[in-house]
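# Close look at the chain arrangement
The chain contents come next:
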Amino acid sequence: MATVKWLFLDLMLLFLLLHDAIADHSESNAEKLTESKSLVHIGAIFDPDTLEGAIAEISMSLAIEDFYALHPNYQSRLFVHFTTAKDLVTTAAAAVDLLKKFQVQAIIGPQIPAAAPFLVELGEKAQVPIISFFETSPALSPTEHPFFIRVTQNDSLQVKAISAVLQNFSWHEVVLMYEDTNYGAGFISFLVDELQENDIRISHMSKIPTSAEDFQISKELSKLSTMQTRVFIVHMNTALASRLFALVAKNGMMSKGYTWIVTACLSNSLNVLDSEVIDSMEGVLGVRSHLPKSKELGLFDRRWKSKLHSMKPNSSVTEINISGLWAYDTIFALAKAVEKILSPINPSIVNPSNPSESTTDFGSLGFSRIGHILCNQILNTQFKGLSGEFHLVNGQLESSVFQIVNVIGTGRVVGYWTSEKGLTQTLDLTSKNDLKQIIWPGDSTIAPTGWAIPSLVVGTPVRLGFPQFLSVREDGDLNKTTYSGFCMEIFNATLEIVEEKLGMKIHPQLVPYEDENGEMAGTYDELLYQIKLKKFDAVVGDISIVASRTDYVEFTLPYSESGVTMLVPVKRDNRHNMWIFLKPWTWDLWLAVIIACIFITLIIRTMEHQTENSEFGGSPRRQLGMILMFPFYAMVIPQRELVVKDCSKFVLVIWLWLAFILMQSYTASLSSILTVDQLEPTFADLKKLRTESHFVGFQSGSFVEDFLVKQLNFSRNQTRPLSNFGEYKEALSNGSRKGGVSAIFEEIPYIKVFLKKYSSKYTTAGPIYRTDGLGFAFAKDSPLVSHFSQAILLVRENQTRMDRIEKKYFGENVMTPTLARSISSESSSLRAYNFGGLFIIVGIATLLALLISERYIWQKPVSLVNKYLTSQKSPSNEVELVAQPTTLPETDIAGGHSLSPDQAEDSGNSERTNFGHISGDTSAGEDETENAEAHHS
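Predicted, not measured: the structure shown is a model, and the values here were computed from it.

Parameters and conventions
- Residues numbered from 1 in each chain as written.
- Predicted model: local features only at pLDDT ≥ 70, side-chain atom pairs only at ≥ 80, totals over all residues.
- Heavy atoms only, no water.
- Helix = DSSP H or I, 4+ residues; strand = E, 2+ residues; numbered from the N terminus.
- Contact = heavy atoms within 4.5 Å.
- 1 Å grid on protein atoms, 1.4 Å probe; cavity = no way out; pocket = protein on both sides within 12 Å on 5 of 7 lines; lining within 4 Å.
- Points joined across faces, edges and corners; volume = space filled by probe spheres on them.
- Nonpolar A, V, L, I, M, F, W, Y, C, P; charged D, E, K, R; others polar.
- Salt bridge = Lys/Arg side-chain N within 4 Å of Asp/Glu carboxyl O.
- Buried < 20%, exposed > 50% of the residue type's maximum accessible area, 1.4 Å probe, protein only.
- Core = buried A, V, L, I, M, F, W, Y, C linked by side-chain atoms within 4.5 Å.
- Pairing = 2+ DSSP bridges.
- Axes fitted to C-alpha atoms, helices over the stretch in contact; angles between N-to-C directions.
- Patch = residues over 30% accessible without salt bridge, like charges linked within 9 Å, V, L, I, M, F, W, Y side chains within 5 Å.
- Areas by Shrake-Rupley, 256 points an atom, 1.4 Å probe, with all protein chains shown as cover.
- Arc of directions from axis to C-beta.
- Phe/Tyr/Trp six-rings, centres within 6.5 Å; stacked < 30°, edge-to-face > 60°.
- Lys NZ or Arg CZ within 6 Å of the ring centre and 35° of its normal.
- UniProt positions renumbered as here; feature names shortened; annotations may be inferred.

A count of helices and strands for the chain gives 29 helices and 30 strands. Considering only intrachain contacts with a sequence separation of at least 6, the fraction spanning at least 24 residues in the chain is 73%.

Its volume calculated, the second largest pocket comes out at about 820 Å³. Around the second largest pocket, the lining is made up of 36 residues, and of these E52, Q111, N237, T238 and A239 lie nearest the centre. Elements with a minimum of two residues in the lining of the second largest pocket: α3 (51-70), α9 (238-250), α10 (264-267) and α13 (322-341). Of the residues contributing to the lining of the second largest pocket, the split by class is 16 nonpolar, 14 polar and 6 charged.

What follows is about the pattern of salt bridges. Taken as a whole and assessed by the stated rule, the structure comprises 17 salt bridges. A salt bridge links E194 to K160; the shortest N-O distance between them is 3.5 Å. With a gap of 34 residues between them, E194 in helix α7 (residues 182-197) and K160 in helix α6 (residues 155-168) connect regions that are remote in the sequence. You can call E194 buried: its relative accessible area is 11%. A relative accessible area of 35% places K160 in the partly exposed class. Notably, a salt bridge pairs K305 with E319, separated by 3.3 Å at the nearest N-O pair. In this pair, K305 sits in helix α12 (residues 295-311) while E319 sits in the loop between α12 and α13, placing the two residues 14 residues apart along the sequence. According to the relative accessible area criterion, E319 is partly exposed, its value standing at 26%.

In this section: the nonpolar core. Core analysis: the largest hydrophobic core is formed by 55 residues, its most contacted members being M60, L78, I108, F133, W304 and L334. Top element by residues in this core is α13. It accounts for 13 residues. Counting residues in hydrophobic clusters, the runner-up holds 51 residues, among them I506, A731, A791 and F810.

Whenever strands of a sheet pair, they do so through backbone hydrogen bonds, lying parallel or antiparallel. What the 8 strands build is an open sheet, ordered β7-β6-β8-β9-β10-β16-β17-β18; its pairing is mixed. Edge positions in the sheet fall to β7 (201-208) and β18 (422-424), since each of these pairs with one other strand and no more. Sheet twist, expressed as the average angle between the axes of neighbouring strands with direction ignored, equals 25°. Looking at chain direction, strand β6 (residues 173-179) and β7 are connected through 7 bridges and run parallel. Opposite V174, over in β7, you have I202 as the bridge partner. Against the sheet, α7 makes contact with β6, β7 and β8 (231-235), and its axis sits at roughly 165° relative to β6, the strand it touches most. In the packing of helix α8 (residues 214-225) onto the sheet, contacts are made with β6, β7, β8 and β9 (259-262), and the angle to β7 comes to roughly 170°.

Attention now moves to unusual backbone geometry. In this structure, the amide linkage connecting G109 to the following residue, P110, adopts the cis form with an omega of 0°. When you line up the elements, P110 lands in the loop between β3 (106-108) and α5 (116-126). Backbone geometry places Q127, a non-glycine residue, at a positive phi of 55°. Looking at where Q127 falls in the secondary structure, it is placed in the loop between α5 and β4 (130-132).

Together, I840, I844, L848, L851, Y856, I857, W858 and V862 give the surface a local cluster of nonpolar side chains, amounting to about 730 Å² of exposed area. Where the nonpolar patch is concerned, the elements lending two or more residues are α26 (836-853) and α27 (856-873). By the secondary structure assignment, Y856 is in helix α27. Classification of Y856 as partly exposed rests on a relative accessible area of 45%.

It is worth spelling out empty space enclosed by the protein at this point. Per the counting criterion, the structure on display carries 2 cavities of 30 Å³ or more. Estimates place the volume of the largest cavity at around 80 Å³. Lining the largest cavity we find 15 residues, and of these E135, Q153, D155, Q158 and A264 sit closest to its centre. Counting residues per element, the ones that place at least two in the lining of the largest cavity are β5 (148-153), α6, α7 and α10. Of the residues in the lining of the largest cavity, the class split is 6 nonpolar, 7 polar and 2 charged. Its boundaries defined by the atoms lining it, the second largest cavity holds a volume of some 50 Å³. Taken together, Y524, D542, S544, R549, Q699, S702, F703, E747 and Y750 make up the lining of the second largest cavity.

Residues separated by three or four positions in an α-helix point in the same direction, a consequence of the helix having 3.6 residues per turn. Among the residues making up helix α16 (residues 524-532), those that are buried are Y524, L527, L528, Q530 and I531. Projected down its long axis, α16 shows its buried positions confined to an angular sector of 135°, all on one face. In this structure, the buried residues of α16 make contact with β19 (456-460), β23 (538-539), β24 (554-555), β26 (696-699) and β30 (777-778).

Another aspect to go through is the packing of aromatic side chains. Describing an aromatic ring pair means giving the distance of the ring centres and the angle of the ring planes. In total, this model carries 40 aromatic pairs according to the counting rule given. A ring pair is formed by F245 and W260, whose centres lie 5.7 Å apart and whose planes are at 70°; its orientation type is edge-to-face. One end of the pair, F245, is in helix α9; the other, W260, is in strand β9, with 15 residues separating them in the sequence. Sitting over the face of the ring of F383, K336 holds its NZ or CZ atom 5.6 Å from the ring centroid. The aromatic ring of F714 is capped on one face by R690, whose charged end is 5.9 Å from the ring centroid.

Strand β17 (residues 412-418) sits mainly inside the fold: 5 of its 7 residues count as buried. In this antiparallel pair of consecutive strands, strand β16 (residues 401-406) and β17, the connection spans 5 residues, and G409 shows a positive phi of 75°. In the sheet, β17 pairs with β18 via 3 bridges, with the strands oriented antiparallel. The residue bridging W417 from the neighbouring strand is L423, located in β18. What sits between the antiparallel neighbours β17 and β18 is a turn of 3 residues.

Let us look at the environment of S431. The topology assignment puts S431 in the loop between β18 and β19. It is 9.9 Å that separates the C-alpha atoms of S431 and G415, two residues lying 16 residues apart in sequence. With residues up to four places along the chain from it excluded, the contact list for S431 reads K421, T424, Q425 and T426.

Mapped onto this numbering, the UniProt entry gives "transmembrane region" (unreviewed entry) at residues 585-604, 624-643, 650-668 and 832-852. With 100% helix and 0% strand, the stretch residues 650-668 has end C-alpha atoms that lie 28 Å from each other. In residues 832-852, the share of helix is 81% and the share of strand is 0%. The end C-alpha atoms are 29 Å apart.

Below, the structure written as structure tokens:
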């Protein structure tokens, strides 16, 4: 049915053209229409001499004809007053003139983005809707201005589509180029927020004035060509963008490796640009509004071109763009809204009490009777137009679909972006989340990396004293500087991998950081700061990765492990000491052994004193000598029976077990001391170095100086800078008293190289203070960091290659993760604490044997306790005593000897058991008990 309608319109148009009966927008025709229809005046402000203005004028004229041909019974008629405005001043004058002279109920425009804020404010004052299908600044929000309607798509969705394209190709750094207008700045603010949210860095923002000359644009392009970033996002009007891309091609920036992305502002008009401009843009990616295909659109295109030839036969315009379709749909929406509200309200302007004839007297403007209602009706109007579904949300067209086009001809669609699925090849539900094959600038089918290295200026330290790490030699005859060393070898190895991965040749320009005298021009921190000052792009050398330096540079992964420790001279070899036999044990262990010997001898004598053992008899002098020598006596003459009681034998066995363990430990420790090369540090205590005014050294220019002062709390007056290994040796040999140093704090790789040459006289001491190792430094957010880090991992994983590089400059096993010899400064002597558990076991076993053997030691205290508890329980001084049987065998169990007759008799008496109730004085019983105990003793 719709096709029939459009066919009817085509035939009617042909008939009108043949008979010259097309309605003309003139005053005479307006008067004829008012006789039967209600005429509503509408203003349109643009420049019909421009591309966009000509397309808009033709589309709007055709829309009025088509709408009322389709709706001949409508009682309202729109009459559009087309007004030419080429700048901000003429736009303002035209708007006031339309409101005062023609009392328009709505204004379409403006074409100039800079005039939009003024026109919107004017529309709010006159309560007249301002409808724009031209590009305007996103900062001009319809939600904040109720009389402003934007018949274009939401820019906040467009920036999401652009961000998705960047993420799809892993481009994390871009350059923004935009026109220096409110419209350009407004859109860029939206884009910047979106890019930052997705961790995409903006390396540069280039504002191009609309009035810029070609030489000014070329100068800006030349500056951009020297930057590493190769992804450019362009947001400009068609006129400025056409000039820009012609100059881009001329400057050789539309070649392989470059990426250009244009916004919908330009890509929506690709089909109306000159062929020369299109040729200069081949390979560009664009984001543009999605235009659904339909038969009606094809029929309309032929009719639109026919209208173009009749209205503007000499125009350079050949095609309609989506802006023209929005203009067409705008007239349809406005006509529908006017028809719905016209009957109950008179469409007129209420003038103020003192009107003025001046077109610049804004205060004398009236307000529209239907403006507010008309605006709401337009916002609620929905229909299917030529540009798609016409549905306004928050004052602008709702659309969640954008096309991704590749500029080959007038644009080849390579994908779509939707708010639900992101990037897809088609709009089908099963479409892949990717883009179709793209032809990039330079006719390349390989996606650009997004960056390049036009020049890489690499700074290097000047280290005359450490050639193993980095050596810089200048050949005056050849006027050439050569670089070598471990660090440079690693850099060259990683550079080869990076070049192979990126498919590009990198030519680093090595520049030594030196002064006029050929010496290093500052510290390592000052060298790295040159990257922030943009004097160097990178720094290669023995650069330590330190947290404080990451404020202004970014490091790669470390290519060598590191840490800081202390280098000190060694003490004299203890093997030449006549008292070395005392070295295996510390003094506290010697003392513990002596005390243990005396303790065990006393215990055994106590248990043996009532036996017939003659070893512990004799004079006091002989007994004292036996006490001191008995433990050794028992070990030397084990075949003799030195003790009689079983408990004494048990204690003796415990002692021999203890002695055996101690002797074996002593032998092992003494053997270690005599056979292993002992390099004891002269200093191991940092506190001693700080408090006794010793001097400490560090490598000149390194971060270790600040490390000593800020973390180890040394006074800066105690530190001494040293420049090479020769100075290290001399300073340590002289010591603090002779103008040298007592210790040197240095990174482990340097210490290993030093010890390889001077290991017999120096060693390491104290803890290792971990650092992150040696790495290369680049500018913050440099894309090279990740590539070099990956290359370093590959080099380090190639163990054969790493071993070859290390052996070339350091020899065997110098750069291994650990130090060649132990850096522990603790003594190897055994301490009493090491045998604490053994002494505790022996002591407990010995005491238990004593208590079992000599029960009187604990029986009398127990008896006294029982007597005390019994006295507490007896009331009124009456005590009930229950005598416990006490049986003494005729043979001493512990000693194994027979008792004398008197002892046997006493024993028999003590076996009697007395039971009685005793009252009054109980002293007799107590005396009798005490006598029995004494006799037993």
